[in-house]
Amino acid sequence: MKCGIKFCGGCNPGYDRRQACEEIKEAFENKELEFLHAVENDPYDCLLVIGGCSNCCASYNQYNVKGNVYKMWNRDHIDKIKEKLSSI
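Trainee: Lay out helix α1 (residues 17-26) with the relevant residues and their values.
Mentor: Taken as a whole, α1 has its buried residues at Arg17, Ala20, Cys21 and Ile24. Buried residues of α1 fall within an arc of 100° about the axis and therefore sit on the same side. Turning to α1, the residues buried within the fold contact β1 (2-7), β2 (34-37), β4 (46-50), β6 (69-72) and α2 (78-86). A distance of 3.2 Å separates the backbone nitrogen of Arg18 from a side-chain oxygen at the start of α1, and that oxygen is part of Asp16.

And the structure:
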């Protein structure tokens, strides 16, 4: 399964978004969930939008996503995101 990753532009990040992404990816190292930077026209089973603040304004409608779009904008969301991704 493929999970696309979309980062916001980073104009006002309140946490290290890349570190949060790495923590999430590490939890799925031995699972059949591949994390890829989202590219238009490529199909994804789900999409993870990583925003740096509560606006979480990164657009994602341009991506081909079969399943759910998961949005996070705070480091406190990491465990919730891992739980949701574990259920797909």
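Trainee: Describe the packing of aromatic side chains, with residues and values.
Mentor: Under the criterion given, the structure shown has 1 aromatic pair. A cation over a ring is seen here: Lys2 above Tyr44, with NZ or CZ 5.4 Å from the ring centre. Across from the ring centre of Phe7, 5.0 Å away, lies the NZ or CZ of Arg18, which sits over that ring.

Trainee: Run through the pairing of β6, naming residues and quoting values.
Mentor: On β6, burial follows the alternation: Tyr70 and Met72 on one face are buried, whereas Val69 and Lys71 on the facing-out side are not. Of the pairings in the sheet, the one linking β4 to β6 comprises 4 bridges and is parallel in character. Following the sheet pairing, Ile50 is matched in β6 by Met72.

Trainee: Residue-level account of the pattern of salt bridges, with values.
Mentor: One pass over the structure, following the stated rule, counts 3 salt bridges. Salt-bridge contacts for Glu22 lead to Lys25; the nearest nitrogen and oxygen are separated by 3.5 Å. One end of the pair, Glu22, and the other, Lys25, are both in helix α1, 3 residues apart, so they sit about a helical turn from each other. As a salt-bridge pair, Arg75 and Glu23 come within 2.2 Å of each other at their nearest N and O atoms. Of this pair, Arg75 sits in the loop between β6 and α2 while Glu23 sits in helix α1, and the two are 52 residues apart along the sequence.

Trainee: Can you lay out the side chain of Lys6 for me, pointing to particular residues and giving the numbers?
Mentor: Locating Lys6 in the fold gives a position in strand β1. An unpaired buried charge is present at Lys6: no salt bridge exists, and Glu40, the closest side chain of opposite charge, is 7.8 Å distant. Leave out the neighbours within four places in its chain, and Lys6 touches Leu47, Leu48, Val49, Ile50, Ala58, Ser59 and Tyr63.

Trainee: Residues and numbers for the sheet that holds β1, please.
Mentor: Sheet architecture is open: 4 strands sit in the order β2-β1-β4-β6, paired in parallel fashion. Strands with a single pairing partner mark the edges of an open sheet, and in this sheet they are β2 and β6. Sheet twist, expressed as the average angle between the axes of neighbouring strands with direction ignored, equals 25°. Pairing between β1 and β4: 5 bridges, direction parallel. Opposite Gly4, over in β4, you have Leu47 as the bridge partner. Taken strand by strand, α1 contacts β1, β2, β4 and β6, and its axis lies near 170° from that of β1. Of the strands in this sheet, β1, β2, β4 and β6 touch α2, which is tilted by about 170° from β6.

Cut-offs and rules
- Residues numbered from 1 in each chain as written.
- Predicted model: local features only at pLDDT ≥ 70, side-chain atom pairs only at ≥ 80, totals over all residues.
- Heavy atoms only, no water.
- Buried < 20%, exposed > 50% of the residue type's maximum accessible area, 1.4 Å probe, protein only.
- Helix = DSSP H or I, 4+ residues; strand = E, 2+ residues; numbered from the N terminus.
- Arc of directions from axis to C-beta.
- Contact = heavy atoms within 4.5 Å.
- Polar contact = N/O pair within 3.5 Å; in protein donor to acceptor, adjacent residues only side chain to side chain.
- Phe/Tyr/Trp six-rings, centres within 6.5 Å; stacked < 30°, edge-to-face > 60°.
- Lys NZ or Arg CZ within 6 Å of the ring centre and 35° of its normal.
- Pairing = 2+ DSSP bridges.
- Salt bridge = Lys/Arg side-chain N within 4 Å of Asp/Glu carboxyl O.
- Lys, Arg positive; Asp, Glu negative; His and termini not counted.
- Axes fitted to C-alpha atoms, helices over the stretch in contact; angles between N-to-C directions.

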